[in-house]
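For reference, the chains in residue letters:
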Amino acid sequence: MAGTATEAGVSRRLVYDHFGDLATLYEAFVEDRLARYRVGTPDISQLRPDVAAAAMFRHLLTIPPTDRRVVRLLVADVGLPALDRVRDRFRRDELARWPTRSRRDDGDATANAAMWATASALLALADAVADGEVSETEATKIAVGIVRSTTSTQRRTPVDAVE
């Protein structure tokens, strides 16, 4: 809280009066970053899973790396109890956004694990693009391949045909 007050140029008392405790400050920070992440998020609910994957991956490339790190915290479930409510809401919202036909039919626990493993891979891939390790075009093809490998019911489209 002291560091936040110093950086904001206000007193610690003001920070405590506004947020109450460190957990509330963490939650407010993460919610702010998620609001930035959600701006411009494409509606993928009616898209084929491979096209949805390409659209979401391109969106990941538009958000700042610091915001991707916050999303990664929620995807990886690093065990910060202060973020449990935000993480649960984020995960519920993300699962609901994906087309029904992209979800696996082998049980909720397995489907959720596949979804979060996929999300983690796409976040790492977006960082690789930002670091200049792979081109956006090649990374998008890889992203589509990753999503295809973790979904069971979808029409296959050549990776090159996904723009």
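For the structure, see preceding data.
In this text, all values refer to a predicted model and were calculated from it rather than measured experimentally.

## Section: helix H6 (residues 84–97)
Taking 1.5 Å as the rise per residue, H6 with 14 residues should run 20 Å; its terminal C-alpha atoms sit 20 Å apart, in good agreement. If you check which residues of H6 are buried, you get Val86, Arg87, Phe90, Arg91, Glu94 and Arg97. Projected onto a plane normal to the axis of H6, the buried residues spread over an arc of 130 degrees and lie on a single side. Facing away from the buried side of H6 by more than 90 degrees, the exposed set consists of Arg85, Arg92 and Ala96.

## Brief notes about the side chain of Thr41
Note that Thr41 resides in the loop between helix H3 (22–38) and helix H4 (49–62). The exposure class of Thr41 is buried, given its relative accessible area of 17%. Within the structure, Thr41 has its side chain in polar contact with the backbone oxygen of Arg38 (distance 2.9 Å). Those residues in contact with Thr41 that sit more than four places away from it in its chain are Met56, His59 and Arg97.

## Some remarks on the packing of aromatic side chains
Applying the stated criterion to the full structure yields two aromatic pairs. An angle of 35 degrees between the planes, with centres 6.2 Å apart, marks the rings of Phe90 and Trp116 as tilted. One end of the pair, Phe90, is in helix H6; the other, Trp116, is in helix H7 (residues 108–130), with 26 residues separating them in the sequence. A relative accessible area of 1% means that Phe90 is categorised as buried. You can call Trp116 buried: its relative accessible area is 9%. Within the aromatic cluster, the residues linked to one another by ring pairs are Tyr37, Phe90 and Trp116.

## Brief notes about the layout of surface pockets
Empty space among the atoms can be located by rolling a probe the size of a water molecule over them. In this model, the second largest pocket occupies a volume close to 250 Å³. Taken together, Thr4, Glu7, Ala8, Val10, Leu14, Val15, His18, Phe19, Leu25, Tyr26 and Phe29 form the lining of the second largest pocket. Only helix H1 (2–8), helix H2 (12–19) and H3 provide two or more residues apiece to the lining of the second largest pocket. Looking at the lining of the second largest pocket, the element that brings in the most residues is H2, giving four residues. Tallied by class, the residues present in the lining of the second largest pocket amount to eight nonpolar, two polar and one charged.

## Here's the deal with a nonpolar patch on the surface
There is a patch of nonpolar side chains on the surface, built from Leu73, Val78 and Leu80 and spanning about 220 Å² of accessible area. Within the fold, Val78 resides in the loop between helix H5 (65–76) and H6.

## Examining the packing of H3 against H6
The N-to-C vectors of H3 and H6 enclose an angle of 20 degrees; their axes lie 10 Å apart at closest approach. Taken together, the axes of H3 and H6 lie roughly parallel to each other. Two packed elements cross with a definite hand, and for H3 against H6 that hand is right-handed. Contacts between H3 and H6 involve Glu27, Val30, Glu31, Leu34, Tyr37 and Arg38 from the first element and Arg85, Val86, Arg89, Phe90, Asp93, Glu94 and Arg97 from the second. Looking at side-chain class alone, the contact of H3 with H6 contains five nonpolar, no polar and eight charged residues.

## A look at the nonpolar core
Counting 30 residues, the largest nonpolar core has Leu34, Tyr37, Phe57, Leu60 and Phe90 as its most contacted members. Counting residues per element, the ones that place at least two in this core are H3, H4, H5, H6, H7 and helix H8 (136–149). Ignoring any residue separated from it by four or fewer positions in sequence, one finds Phe90 in contact with Leu34, Tyr37, Arg38, Val71, Leu74, Val75 and Trp116.

The rules behind these values
Residues numbered from 1 in each chain as written. Predicted model: local features only at pLDDT ≥ 70, side-chain atom pairs only at ≥ 80, totals over all residues. Heavy atoms only, no water. Helix = DSSP H or I, 4+ residues; strand = E, 2+ residues; numbered from the N terminus. Expected span 1.5 Å × (residues − 1). Buried < 20%, exposed > 50% of the residue type's maximum accessible area, 1.4 Å probe, protein only. Arc of directions from axis to C-beta. Polar contact = N/O pair within 3.5 Å; in protein donor to acceptor, adjacent residues only side chain to side chain. Contact = heavy atoms within 4.5 Å. Phe/Tyr/Trp six-rings, centres within 6.5 Å; stacked < 30°, edge-to-face > 60°. 1 Å grid on protein atoms, 1.4 Å probe; cavity = no way out; pocket = protein on both sides within 12 Å on 5 of 7 lines; lining within 4 Å. Points joined across faces, edges and corners; volume = space filled by probe spheres on them. Nonpolar A, V, L, I, M, F, W, Y, C, P; charged D, E, K, R; others polar. Patch = residues over 30% accessible without salt bridge, like charges linked within 9 Å, V, L, I, M, F, W, Y side chains within 5 Å. Areas by Shrake-Rupley, 256 points an atom, 1.4 Å probe, with all protein chains shown as cover. Salt bridge = Lys/Arg side-chain N within 4 Å of Asp/Glu carboxyl O. Axes fitted to C-alpha atoms, helices over the stretch in contact; angles between N-to-C directions. Parallel < 35°, antiparallel > 145°, perpendicular 65-115°, else oblique. Left-handed = near helix turned anticlockwise from the far one by under 90°. Core = buried A, V, L, I, M, F, W, Y, C linked by side-chain atoms within 4.5 Å.

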